[in-house]
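# Per-entry structural report
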Amino acid sequence: MTPHEVRTREFAACRRGVDPDEVREFQARVGDELAMLNETVRLLSQENDRVKRALRDWQAMHARECSSAQGQGRNSGHW
């Protein structure tokens, strides 16, 4: 569900219905909250991608350093 769908949803009128102004106010608040949450998810996804790339880069660098150190006989251990 998108913020726009929340904000523009209409309900059928009934005899003992609710105040339409309160409904619209609530829809606006829920739509705003949903938009903020969607933006937070988008930013966290970008940060997650950045951290994954940094980890892959670090792992590749570490693997090169370990293989060159083993080739020179400086370290025979796993790390």
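Residues numbered from 1 in each chain as written. Predicted model: local features only at pLDDT ≥ 70, side-chain atom pairs only at ≥ 80, totals over all residues. Heavy atoms only, no water.

### Thoughts on the overall build of the protein
- When its secondary structure is counted, the protein shows 2 helices and 0 strands.
- Within the protein, the proportion of its 79 residues that are buried is 9%. (Helix = DSSP H or I, 4+ residues; strand = E, 2+ residues; numbered from the N terminus. Buried < 20%, exposed > 50% of the residue type's maximum accessible area, 1.4 Å probe, protein only.)

### Some remarks on the layout of surface pockets
- Put simply, the largest pocket is a space of about 250 Å³.
- The wall of the largest pocket is formed by R9, E10, F11, A12, A13, C14, G17, V18, P20, V23, R24 and Q27.
- Looking at side-chain class alone, the lining of the largest pocket contains 7 nonpolar, 2 polar and 3 charged residues. (1 Å grid on protein atoms, 1.4 Å probe; cavity = no way out; pocket = protein on both sides within 12 Å on 5 of 7 lines; lining within 4 Å. Points joined across faces, edges and corners; volume = space filled by probe spheres on them. Nonpolar A, V, L, I, M, F, W, Y, C, P; charged D, E, K, R; others polar.)

### With respect to a nonpolar patch on the surface
- On the surface, L55, W58 and M61 cluster together to form a nonpolar patch covering roughly 300 Å² of accessible area.
- With respect to the element layout, M61 can be found in helix α2 (residues 20–71).
- Classification of M61 by relative accessible area gives partly exposed; the value is 35%. (Patch = residues over 30% accessible without salt bridge, like charges linked within 9 Å, V, L, I, M, F, W, Y side chains within 5 Å. Areas by Shrake-Rupley, 256 points an atom, 1.4 Å probe, with all protein chains shown as cover. Salt bridge = Lys/Arg side-chain N within 4 Å of Asp/Glu carboxyl O.)

### Quick notes on the environment of A28
- Residue position: A28 is located in helix α2.
- For A28 and T8, which are 20 residues apart along the polypeptide, the C-alpha to C-alpha distance reads 8.9 Å.

### Some points on the side chain of Q27
- Along the chain, Q27 falls in helix α2.
- Q27 sits in the buried class, given a relative accessible area of 6%.
- Of the polar contacts made by the side chain of Q27, one reaches the backbone oxygen of V6; its length is 2.9 Å.
- Those residues within four positions of Q27 in sequence are excluded, and the remaining contacts are V6, R7, T8, R9 and F11. (Polar contact = N/O pair within 3.5 Å; in protein donor to acceptor, adjacent residues only side chain to side chain. Contact = heavy atoms within 4.5 Å.)

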